[in-house]
2 protein chains.
Amino acid sequence: MKFCSTCGANVALSIPEGDNRERFVCTNNSCATIHYQNPRIITGCLPIYEDKVLLCKRAIEPCYGKWTLPAGFMENGESTEEGAARESREEANANLQIEHLYTLFNLPHINQVYFFYKAQLTDLSFCAGEESLDVKLFSQEEIPWDNLAFTVVERTLEHYFSDNQQNTFPLRNETMQKSLFMSK
Amino acid sequence: MKFCSTCGANVALSIPEGDNRERFVCTNNSCATIHYQNPRIITGCLPIYEDKVLLCKRAIEPCYGKWTLPAGFMENGESTEEGAARESREEANANLQIEHLYTLFNLPHINQVYFFYKAQLTDLSFCAGEESLDVKLFSQEEIPWDNLAFTVVERTLEHYFSDNQQNTFPLRNETMQKSLFMSK
């Protein structure tokens, strides 16, 4: 950030009065807007049909060609559930019934918070959206573990197949210091 | 937003290629930065000591003089738990042990998501921070229901005293269309 989005003057890092962190502050005294920067939310679904989970093969970077759960940046004006359902429609044309929040990951090193809602597919009419090359249902044995896009997706799938043995799905709230991207 | 924070040129609302929403886009073709705007997270605690809950009397607007749970905007570089503990230290000098995420509110009309973590005070050395006039423990009968600052605080307290009768505290994930501010 170099310029004030309110008045166009230069910004400079300084600690505003009453604050304890450096912020980008407008250097034009008649504006002096403080530009806060905050983490962003990525929201998505774990879509389930019988004993299978729906994954999308990415048609965009990063991780082109790798498999992921449908998810994306939460938009202004929607709830985390609405965002999760919207991303599932956009990426997989999936019709689903959201059950509850299942995994919640903090990735403080990249200022992101991930929400995955457990959801039931209500029909099998899904198909690849613009950002997907393919959309498929996978049983536990079929999951392409070596070809997943993101560590938060791997972790959500690991929790799901483990929790599925007890048929209880408590909220899994974790902070991940490792990369969002799979190292494989 | 009127100016590009990257290059200082004017921005204009338009739908970027491959997108389906209007964004502020830099009109300088050699920059053309797309400025996404996303919801912000407010994170805080429900600090508990025996049968009482800790509330802070606000020393700042909005809602100067009203009672609230310690909470504030999540910062870059921290997790939602870390932010909740930080706000509890800043507003109430409270030492606490976070237990688990308890209430999660979407307020899509103001582009905010609230997290409240259930937490146990580990000692009674709390005292008002700079943003508080007073900090006190309240039993259920003592809660100043008519003098609370925010609807998300009222709702969290309602859930807590109700759930406390069964001594089970499942995640309460709700979307609130009503004002953040109490109407009383």
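Everything numeric in this text was worked out from a predicted model, so none of it was measured.

(A) Quick look at the overall build of chain A. A count of helices and strands for chain A gives 2 helices and 11 strands. Along chain A, helices and strands appear, N-terminal first, in the series β-β-β-β-β-β-β-α-β-β-β-α-β. Overall, the C-alpha framework of chain A stretches about 60 × 30 × 30 Å when taken along its three principal axes. In chain A, which comprises 184 residues, the share counted as buried stands at 50%. Here the analysis covers contacts within chain A between residues at least 6 apart in sequence; of these, 62% occur between residues at least 24 apart. About 8,400 Å² of surface is accessible on chain A, with carbon and sulfur atoms providing 45% of the total. With 16 positive and 25 negative side-chain charges, chain A shows a spacing of 5 Å between the two charge centroids.

(B) Looking closely at the sheet that holds strand β3 (residues 34–35) of chain B. Across the sheet, which stays open at both edges, the 3 strands sit in the order β1-β2-β3 (chain B) with antiparallel pairing between neighbours. Looking at the sheet topology across the chains shown, the edges are occupied by β1 (11–14) and β3 of chain B.

(C) Region of the structure containing the confidence of the model for chain A. Averaged over every residue, the pLDDT of chain A is 96; the share at 70 or more is 99%. Complex prediction metrics read pTM 0.96 and ipTM 0.95.

(D) Quick peek at the sheet that holds strand β3 (residues 34–35) of chain A. Residues and elements named next belong to chain A. The 3 strands lie next to each other as β1-β2-β3, forming an open sheet whose pairing is antiparallel. Looking at which strands have only one partner, the edges of the open sheet turn out to be β1 (11–14) and β3. Strand direction decides the pairing type here: strand β2 (residues 23–26) and β3, joined by 2 bridges, are antiparallel. Directly across from V25, in β3, lies its bridge partner I34.

(E) Geometry of the pattern of salt bridges. Tallying each qualifying case throughout the model produces 22 salt bridges over all chains. Measuring nitrogen to oxygen at the nearest pair gives 2.6 Å for the salt bridge that ties R23(A) to E75(B). In this pair, R23(A) is assigned in strand β2 and E75(B) in the loop between β7 (71–73) and α1 (80–92), connecting two distinct chains. Taken individually, R23(A) and E75(B) each receive the classification buried, so the pair is uniform in this respect. With a shortest N-O distance of 3.0 Å, R155(A) and E158(A) are connected by a salt bridge. Of the two residues, R155(A) and E158(A) both sit in helix α2 (residues 151–166), 3 residues apart, roughly one turn of that helix. Here the salt bridges share partners, and the residues they tie into one network are D19(A), R21(A), R23(A), E75(B), E78(B), R86(B), E87(B) and E90(B).

(F) Focus on the interface of chain A and chain B. Between chain A and chain B, the residue contacts involve 39 residues of the former and 39 residues of the latter. Summing both partners gives a buried area of about 3,300 Å² for chain A against chain B, and 46% of it is carried by carbon and sulfur. The tally of links between chain A and chain B comes to 6 salt bridges. The partner of E78(A) in a salt bridge is R21(B), and the shortest N-O contact between them spans 3.9 Å. The tally of links between chain A and chain B comes to 22 residue pairs in polar contact (both at pLDDT 80 or more). For the side of chain A that touches chain B, the elements supplying multiple residues, two or more each, are β4 (40–49), α1 (80–92), β8 (96–107), β9 (112–121) and β11 (172–175) of chain A. Among the elements that take part in the side of chain A that touches chain B, α1(A) stands out by supplying 4 residues, more than any other. Across the side of chain A that touches chain B, the residue classes tally to 16 nonpolar, 14 polar and 9 charged.

(G) Region of the structure containing the relation of the copies chain A and chain B. Relative to chain B, chain A is turned by 180 degrees and slid 0.0 Å along the rotation axis, the superposed coordinates differing by an RMSD of 0.0 Å. Here the two chains are linked by the operation of a two-fold rotation axis. Counting the interface residues of chain A, we find that 100% of their copies in chain B are interface residues as well, pointing to one common contact surface.

(H) Inspection of α1(B) at higher detail. Residue and element names in this part refer to chain B. In this model, α1 (13 residues) spans 18 Å end to end at C-alpha, consistent with the 18 Å of a helix rising 1.5 Å per residue. For α1, the set of buried residues is T80, E81, G83, A84, A85, R86, E87, S88, E91 and A92. Following α1 by one or two positions, N93 adopts a phi angle in the positive range, close to 45 degrees.

(I) Fine view of the domain arrangement of chain A. In terms of domain boundaries, chain A breaks down into domain 1 (1–37) and domain 2 (40–167). Spacing between the C-alpha centres of domain 1 of chain A and domain 2 of chain A amounts to 37 Å.

Cut-offs applied
- Residues numbered from 1 in each chain as written.
- Chains lettered and ligands numbered in written order.
- Predicted model: local features only at pLDDT ≥ 70, side-chain atom pairs only at ≥ 80, totals over all residues.
- Heavy atoms only, no water.
- Helix = DSSP H or I, 4+ residues; strand = E, 2+ residues; numbered from the N terminus.
- Buried < 20%, exposed > 50% of the residue type's maximum accessible area, 1.4 Å probe, protein only.
- Contact = heavy atoms within 4.5 Å.
- Areas by Shrake-Rupley, 256 points an atom, 1.4 Å probe, with all protein chains shown as cover.
- Lys, Arg positive; Asp, Glu negative; His and termini not counted.
- Charge placed at Lys NZ, Arg CZ, Asp CG, Glu CD.
- Pairing = 2+ DSSP bridges.
- pLDDT = per-residue confidence, 0-100.
- Salt bridge = Lys/Arg side-chain N within 4 Å of Asp/Glu carboxyl O.
- Buried area = accessible area lost by both parts, 1.4 Å probe.
- Polar contact = N/O pair within 3.5 Å; in protein donor to acceptor, adjacent residues only side chain to side chain.
- Nonpolar A, V, L, I, M, F, W, Y, C, P; charged D, E, K, R; others polar.
- Least-squares fit on C-alpha atoms with pLDDT ≥ 70 in both.
- Expected span 1.5 Å × (residues − 1).
- Domains from an automatic or database assignment.

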